[in-house]
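Per-entry structural report
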Amino acid sequence: MPAKQAHTLDVPGARLHYQVRGQGPALLLIPGSNGDADLFDAIAAAGGNP
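The residue numbers shown here count from 1 along each chain, following its written sequence. Reporting of local features is limited, given that this is a predicted model, to residues whose pLDDT is at least 70; pairs of side-chain atoms are given and counted only at 80 or more, and all residues count toward the totals for whole chains, interfaces and linings. Side-chain figures throughout are based on the complete set of non-hydrogen atoms in the structure, without hydrogens or water.

The next point concerns the pairing of strand E2 (residues 14-20). Here, a strand pair is defined by DSSP locating no fewer than two bridges between the strands. Strands are runs of DSSP state E lasting at least two residues, helices are runs of H or I lasting at least four, and both sets are numbered from the N terminus onward. In this sheet, E2 lies alongside strand E1 (residues 5-11) in antiparallel orientation, the contact comprising 7 bridges. Within E2, the residue paired with Val11 across the bridge is Ala14. Connecting E1 to the next strand, E2, in antiparallel fashion are 2 residues, including Gly13 with a positive phi near 85°.

We define a salt bridge as a contact between a side-chain nitrogen of Lys or Arg and a carboxyl oxygen of Asp or Glu at a distance within 4 Å. Applying the stated criterion to the full structure yields 4 salt bridges. The closest approach of N and O atoms between Lys4 and Asp38, which form a salt bridge, is 3.0 Å. Residue Lys4 is found in the segment before E1, and its partner Asp38 is found in the loop between E2 and helix H1 (41-46); the two are separated by 34 residues along the sequence. Given a relative accessible area of 38%, Lys4 falls into the partly exposed group. Where salt bridges share partners, they join Lys4, Arg21, Asp38 and Asp41 into one cluster. When accessible area is computed with a 1.4 Å probe and restricted to protein chains, residues below 20% of their type maximum are described as buried, those above 50% as exposed, and intermediate ones as partly exposed.

For the rest of this paragraph, the subject is the environment of Thr8. Within the secondary structure, Thr8 sits in strand E1. Between the C-alpha atoms of Thr8 and Gln19, which are 11 residues apart in sequence, the distance is 8.6 Å. It only takes one pair of heavy atoms within 4.5 Å for two residues to be counted as in contact. The residues touching Thr8, leaving out its near neighbours within four places in the chain, are Arg15, Leu16, His17 and Tyr18.

Rendered as structure tokens:
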């Protein structure tokens, strides 16, 4: 499984935290409520991008 790269992006009035893993076309997954990106670890692992 490719290593996760965690990043932040400062935007007016907020700081966004995001993770990047693998390569290829982007797939944006947004958890609801108080979720974080770890919720999608199983989906990312099944993606097959080394």
